[in-house]
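# Survey of secondary and tertiary structure
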Amino acid sequence: MERIILHVDMDAFFAAIEAFDHPELKGKPVIVGGLTSRGVVSTASYEARRFGIHSAMPMFQAREKCPAGVFCKVNMPRYKEVSGKIMKILKDFTPLVEPVSIDEAFLDITGMEGLLGDPEKIARQVKERIYSETSLTCSIGIAPNKFLAKVASDLHKPDGLTIIQADRVDTFLAALPVEKIPGVGKKTVEELKRHGIKTTGEIRSFSEHQLEKRFGKFGLRLHELSCGHDSSPVVPSREMKSISAEETLPHDTKDLSLLLKKLRDYADEVAESLRRHGLKGKTISIKIKFSDFTSTTRAKTISRATDTSQVILHTARRLLEDHPLPKKVRLIGLEVSNLSENTGDAQMHLFPIGADEEREGKIDKAMDDIRGKFGRKVIQRGDG
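Everything in this summary refers to the structure shown in the same document. (Residues numbered from 1 in each chain as written. Predicted model: local features only at pLDDT ≥ 70, side-chain atom pairs only at ≥ 80, totals over all residues. Heavy atoms only, no water.)

### Details of the sheet that holds strand 5 (residues 97-101)
Strands sit in the order 5-6-1-7-8 across an open sheet of five strands; the sheet is mixed. Looking at which strands have only one partner, the edges of the open sheet turn out to be strand 5 and strand 8 (161-163). Taken over all neighbouring pairs, the strand axes of this sheet differ in orientation by 15° on average, direction set aside. Of the pairings in the sheet, the one linking strand 7 (residues 138-143) to strand 8 comprises three bridges and is parallel in character. For isoleucine 140, the partnering residue across the bridge sits in strand 8 and is leucine 161. Strand contacts of helix 7 (residues 146-153): strand 1 (5-10), strand 5, strand 6 (104-108), strand 7 and strand 8, with the helix running at about 145° to strand 7, the strand carrying the most contacts. (Pairing = 2+ DSSP bridges. Helix = DSSP H or I, 4+ residues; strand = E, 2+ residues; numbered from the N terminus. Axes fitted to C-alpha atoms, helices over the stretch in contact; angles between N-to-C directions. Contact = heavy atoms within 4.5 Å.)

So, in structure tokens, the structure goes:
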């Protein structure tokens with residue numbers, strides 16, 4: 001049976017969420033990213049892209065290109081929250097959903113036509129569900145494999161729907177610019193063009209041996225893709241191994257109070273994510289990158305898995321304070337790993353949770369409920 005693969009790609013995801021949360025931003029050039037001098041653009045709205053702004057651009061350049069832009073700090077917990085809603089919607093259509101990142105996923109809908117209709121109808125239903133429940137648009141590519149579906153989803157953004165029929169693959173690839181191939185970077189594009197290759201179809205004029213000699217194993221992959229072949233399956237979500245948060249600081253520092261404030265924010269964010277996914281973790285780690293770009297990781301495994309922000313923070317604080325900092329810190333991060341499902345069986349442990357942890361857990365739950373109703377920014381923990 002010929003496969004039918006959908007690639008769902010949200011449109012300017014972070015910027016679109018900011019515009020939804022702040023309606024006064026709709027229609028304006030919104031740039032989301034790190035707002036310090038070292039920051040980079042994570043996402044730019046389509047209005048901002050008209051000024052030449054793109055992801056990974058240094059933020060200072062974005063400000064130069066679009067001084068009237070609206071610059072927003074990344075709000076990852078909020079983006080993850082919306083992403084979770086979208087992935088849940090996708091799983092209503094098929095169990096074969098493979099999240100690729102926070103804002104895109106592959107769906108295998110092979111054999112679903114009898115239940116849901118033809119592929120185009122299914123794709124339109126997906127778009128309508130996402131928009132009705134999140135007010136966000138997405139672009140969808142439909143094709144016989146993952147490679148072609150991903151290429152297709154990018155062709156008519158935003159709010160696009162592109163179908164590549166199996167009998168049109170050769171014609172489609174003959175005209176597809178090589179820079180549209182996922183995974184082909186700027187240097188590879190330049191090298192291909194030096195050999196007179198401007199379109200994907202022209203890659204086929206070279207043998208597999210010639211491509212492998214010049215580009216290594218990726219050369220073989222290029223040949224395969226140029227023929228429209230991609231047998232990689234859609235793999236449903238794998239078990240989550242860890243949850244983390246980190247950020248490059250505005251300035252290198254040895255100020256412990258500033259570093260502890262960052263760890264407090266990260267502990268709150270990571271613990272909230274653990275609870276949202278029904279998980280607890282036993283190993284708490286902090287990552288430190290110094291001003292000379294050397295880095296170190298410190299970790300501790302606690303006796304009982306937790307999803308409580310204050311337990312995570314207390315452990316991370318000890319990891320930071322128990323070792324003097326030899327030089328200024330450029331980046332600090334926090335990770336919780338060694339995860340397990342939260343089965344709610346704390347009373348069955350040999351040593352029941354203490355009153356303090358139980359109280360903190362109730363505070364976390366109350367904060368989750370408030371944030372769920374009124375947004376994450378409405379309530380924050382103090383510095384106590």
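Still more to cover.
### As for the pairing of strand 7
In terms of residue burial, strand 7 counts as a mostly covered element, since six of its six residues are buried. Residues Cys138, Ile140 and Ile142 point to one face of strand 7 and Ser139, Gly141 and Ala143 to the other, with burial holding for every one of them. Relative to strand 7, strand 1 runs antiparallel, the two being bridged by six bridges. The residue of strand 7 that forms the bridge with methionine 10 is cysteine 138. Between the parallel elements strand 7 and strand 8, the chain passes through helix 7 in a crossover that is left-handed. (Buried < 20%, exposed > 50% of the residue type's maximum accessible area, 1.4 Å probe, protein only. Right-handed = clockwise from strand over helix to strand, strands pointing away.)

### Structural notes on the packing of helix 1 (residues 13-21) against helix 4 (residues 76-91)
Where helix 1 meets helix 4, the axes come as close as 10 Å, and the angle between the chain directions of the two elements is 100°. The pairing of helix 1 with helix 4 is recorded here as roughly perpendicular in orientation. Contacts from Phe13, Phe14, Ile17, Glu18, Phe20 and Asp21 in helix 1 reach Met76, Arg78, Tyr79, Val82, Ser83 and Ile86 in helix 4. A class-by-class count of the residues in the contact of helix 1 with helix 4 yields eight nonpolar, one polar and three charged. (Parallel < 35°, antiparallel > 145°, perpendicular 65-115°, else oblique. Nonpolar A, V, L, I, M, F, W, Y, C, P; charged D, E, K, R; others polar.)

### Side note on the side chain of aspartate 11
Structurally, aspartate 11 is set in the loop between strand 1 and helix 1. Polar contacts involving the side chain of aspartate 11 include one to the side chain of serine 139, which spans 2.9 Å. Of note is the side chain of aspartate 11, whose polar atom sits 2.7 Å from the backbone nitrogen of aspartate 159. Apart from residues lying up to four places away in sequence, aspartate 11 is in contact with Ala16, Tyr46, Thr137, Cys138, Ser139, Lys157, Pro158 and Asp159. (Polar contact = N/O pair within 3.5 Å; in protein donor to acceptor, adjacent residues only side chain to side chain.)

### Regarding the side chain of threonine 43
Note that threonine 43 resides in strand 3 (residues 41-44). Beyond its immediate stretch of four places on either side in the chain, threonine 43 contacts Ala12, Phe13, Phe14, Ala15, Val30, Ile31, Val32 and Arg49.

### Re the packing of aromatic side chains
The geometry of an aromatic ring pair is captured by two quantities: the separation of the ring centres and the angle between the planes. Tallied over the entire structure, the rule returns two aromatic pairs. Look at phenylalanine 13 and phenylalanine 14: their rings are 6.1 Å apart centre to centre, the planes differ by 50°, and that puts the pair in the tilted class. The class of phenylalanine 13 is buried, set by a relative accessible area of 2%. By relative accessible area, phenylalanine 14 is classed as buried at 9%. (Phe/Tyr/Trp six-rings, centres within 6.5 Å; stacked < 30°, edge-to-face > 60°.)

### Digging into the pattern of salt bridges
A complete count under the given rule lists 24 salt bridges for this structure. Residues aspartate 21 and arginine 78 are paired through a salt bridge, measuring 2.8 Å at the closest nitrogen-oxygen approach. With aspartate 21 in helix 1 and arginine 78 in helix 4, this residue pair connects regions lying 57 residues apart in the sequence. Residue class for arginine 78 comes out buried when judged on its relative accessible area of 15%. Between arginine 78 and glutamate 81 there is a salt bridge, with the nearest N and O atoms lying 3.5 Å from each other. Of this pair, arginine 78 and glutamate 81 both sit in helix 4, three residues apart, which is roughly one turn of the helix. A relative accessible area of 28% means that glutamate 81 is categorised as partly exposed. (Salt bridge = Lys/Arg side-chain N within 4 Å of Asp/Glu carboxyl O.)

### A look at the packing of helix 10 (residues 208-215) against helix 11 (residues 217-226)
A packed helix pair is summarised by two numbers, namely the angle formed by the two axes and the spacing between the axes. For the pair helix 10 and helix 11, interaxial distance at closest approach is 6 Å and the crossing angle is 140°. Considering their axes alone, helix 10 and helix 11 lie oblique with respect to each other. By crossing handedness, the relation of helix 10 to helix 11 is classed as right-handed. In contact with Glu208, Leu211, Glu212 and Phe215 of helix 10, helix 11 contributes Lys217, Phe218, Gly219, Leu220, Leu222 and His223. A class-by-class count of the residues in the contact of helix 10 with helix 11 yields five nonpolar, two polar and three charged. (Left-handed = near helix turned anticlockwise from the far one by under 90°.)

### Structural notes on the environment of isoleucine 288
For isoleucine 288, the location among the structural elements is in strand 10 (residues 279-290). A sequence separation of 45 residues divides isoleucine 288 from glycine 333, and the C-alpha atoms of the two residues are 6.6 Å apart. With near-sequence residues (within four places) excluded, isoleucine 288 lies in contact with Thr294, Ser295, Thr296, Arg298, Leu320, Leu325, Val329, Leu331 and Ile332.

### Section: the sheet that holds strand 2 (residues 30-33)
The strand order across the open sheet built from three strands is 3-2-4, with neighbouring strands paired in mixed fashion. In the strand order of this sheet, the two ends are held by strand 3 and strand 4 (70-73), each with one partner. Along the sheet, successive strands turn relative to each other by an average axial angle of 25°, direction set aside.

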